[in-house]
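# Architecture and fold: a report
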Amino acid sequence: MAKQVVTRTYTASIRNQSRVSDDLDALGFAASKLWNVGRWTCSRIWGEIGHIPNHTELTAYLKTHERYDDLHSQSSQRVLQELAEAFRGWYGKRRNGDMRANPPGYRKHGDEHPRSTVTFKAAGFKLDTQYNRVRLSQGANLKNYWSDFILCTFHTRPDVDLSTVETVQQVKAVWTGDEWELRFVCKVEIEASESPGEKTVGVDLGIKNFAALAYEDGHSELYPLNCLKQDDYYFSKRIARCDDSNSEQVTRLNHKKSARRTHYFHTLSKHIVERCVEEGVGTIVVGNLSDIRVDEETNEAKNWGRHGNLDLHSWAFDRFRKLLTYKSETEDITVEQESERDTSKSCSCCGRKRDGNRVERGLYVCDTCGTVANADVNGAENIRQKVSLSSPNLSVNRSNGWLAQPSTFLFDKETGAFAPEERVRS
C-alpha cells in the first residue's frame, strides 16, 4: 500500500496546568499587546497614505518595538502575520461591496487580560516525546535568565503518538476560555488506500446549496446550507445585542460560531469522500470561484449586491476545499480545480450558452435541447465535464432523472452527521 505525508493537527491537554498557567497567561497577554500595537500601526499608515502594510512591512516596522521582544521572534512574526491576514480579508470584503464588514479590532481586557493564541515554530520549542514534555521559549523581556522557558507536560488521545510522526512543525498554546491547551501541527506519514475507481464527480460550491455534486454514472446530490444559515442568523442576533463589539462575550460567541462552522466543514468533506468511495470515484473536480469574482470587461470585482457579496465572500470555500483535499488523500482520490466561468449559463447536455436559460434560482431550462435541470447540478456537471466527458449511455433523456431530481442531504444536528432529507430529524 502506498505511503504519503500529510499535515495533521493534534490537540493535547496540559497536565501541569497550575504550574505553567501564569507563564502562559503572560505570553498570551503579550501576544494581545503586540496585536494591538500592530493594529494601531496599520490604522496610522492607512490613515496617512491609504495603504495597509503586509506581513513583511509590518514586521519591519515593529521589529525594534519593545513589545516585539515579549515573545520569541518567530511567535511575534506569527502574531503580525495573522493581523495582516485579517486586514487583507477585511479589505477584500469592502472592495467587493460588503460595507458592513469591520476591520480587525483591538484585543481589550476588563477584569482579565485577553489571552491570544501563541504559535511556536521550530526554533521556539523542543519536544520530548519519551516523557510527553515540550519546552516553550519565552520572549527576552519575560525572561529572568537567558535560559528561561516554560516546560509543559501534556496528554494526547490514546491513538496519537507524536514519536511516530514525520515532523512536528508548530506548537500552539490556545486559551479555551477555561484553561490552556496545546495543538501540535505535524507532518504524518499515512498509508493511502488504493483509488476506489476511475470515475469523476463535479462539485459546484454556492451560496444557497453549499455543494452540488454530479456523478459520472448518472445521479446527483445537493447539500443545502440549512444549519449554517440558522447559525449565522442566531449568532448575528446574539452579537448585535452585546454593548461592546470587542467584549469577551462577543469573542466567546464568535469562537462558538467558528467552531460549529468548522465542524460542519469537516463533517461535509468527510461525508463527500465516503460517498466517493462508495461510488468508485477517483477524481473530484471542484469549481474555482476566483474567476467569477472578477468582471471580464473591467477586470474589477463583480458587484453581486449587498447580500450577495456578503454571502459569496464570507464563506470559507477555500478552507472547505483544503479539508476535502486532505481527507481525499487518505483514499487516494485526486482533487482538481476548474474554473466556474460560464458553467451556470451553459447547458451540460448540448453546450448551448445563454443567460436566460437559468429561469429561476434553482431551475435551468435549455431553449435548444429542452433539458430541464436543477441549476446547481447543471453547473456541477459542466465542471465535471472539463475533466471527463459524459458516457454515451447518459446522453439520452438524462435531464428527466439525475439532473432534474437530485438527492438532498441535510446536516442532522441530533446525530452531527449528514443524512438523506427524509431521515433528518432536526
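The coordinates are above.
This section reports on the structure supplied with the text. All residue numbers refer to positions counted from 1 along the written sequence of the respective chain. Totals for whole chains, interfaces and linings use all residues, but because this is a predicted model, local features are given only for residues with pLDDT of at least 70 and pairs of side-chain atoms are given and counted only at 80 or more. Heavy atoms from the whole structure form the basis of all side-chain values; hydrogens and water molecules are not counted.

## Focus: the packing of aromatic side chains
Note the following rule: Note on aromatic contacts: the rings of Phe and Tyr and the six-membered ring of Trp form a pair at centre separations within 6.5 Å, being stacked when their planes are under 30 degrees apart, edge-to-face when over 60 apart, and tilted otherwise. Definition used: whenever NZ (Lys) or CZ (Arg) falls within 6 Å of the ring centre and also within 35 degrees of the ring normal, the charge is taken to sit over that ring.
With the rule as written, the count across this model stands at 17 aromatic pairs. Members of the aromatic cluster, connected to one another through ring pairs, are F210, Y223, Y264, F265, F320, F409, F411 and F418. The side chain of R39 reaches across the aromatic face of Y106, ending 5.0 Å from its centre. The residue whose ring lies beneath R135 is F149, and the NZ or CZ to ring-centre distance is 4.7 Å.

## With respect to the pairing of strand β3 (residues 125-128)
Consecutive side chains of a regular strand alternate in pointing toward one face of the sheet and then the other. Counted only if it meets this: The criterion for strand pairing is that DSSP finds at least two bridges linking the strands in question. Where helices and strands are cited, they refer to DSSP runs of H or I of at least four residues and of E of at least two residues respectively, numbered from the N terminus.
The pairing of β3 with strand β4 (residues 133-137) spans four bridges and is classified as antiparallel. Within β4, the residue paired with K126 across the bridge is R135. Count of turn residues in the β3/β4 antiparallel hairpin: four residues, of which N132 carries a positive phi of about 50 degrees.

## Details of the sheet that holds strand β7 (residues 180-191)
Convention followed: Between N-to-C directions, angles cover 0 to 180 degrees, with each direction set by a line fitted to C-alpha atoms, over the stretch in contact for helices.
Pairing in this open sheet of seven strands is antiparallel, and the strands run β2-β6-β7-β1-β5-β4-β3 from one edge to the other. Bordering the open sheet on either side are β2 (118-120) and β3, each of which pairs with just one other strand. When the angles between neighbouring strand axes are averaged without regard to direction, this sheet yields 30 degrees. Bridge analysis of β4 against strand β5 (residues 149-155) gives five bridges, and the strand direction is antiparallel. Each residue of the ladder has a partner; that of R135, found in β5, is L151.

## Structural notes on the nonpolar core
Our working definition: Joining through side-chain atoms within 4.5 Å is the link that ties buried Ala, Val, Leu, Ile, Met, Phe, Trp, Tyr and Cys residues into a set, and such a set is a nonpolar core. Partly exposed residues are those whose accessible area sits between 20% and 50% of the maximum for their type, while under 20% is buried and over 50% is exposed, using a 1.4 Å probe and protein chains only. The criterion used for residue contact is that any of the two residues' heavy atoms lie within 4.5 Å.
With 44 residues, the main nonpolar core has L24, V134, L136, C152, L182 and F184 as its most contacted residues. For V134, the contacting residues outside a window of four places in its chain are F125, K126, L127, I150, L151, C152, F154, V171, L182 and F184. Counting residues in each nonpolar core, the second largest holds 28 residues, with L225, Y264, F409 and F411 among its members.

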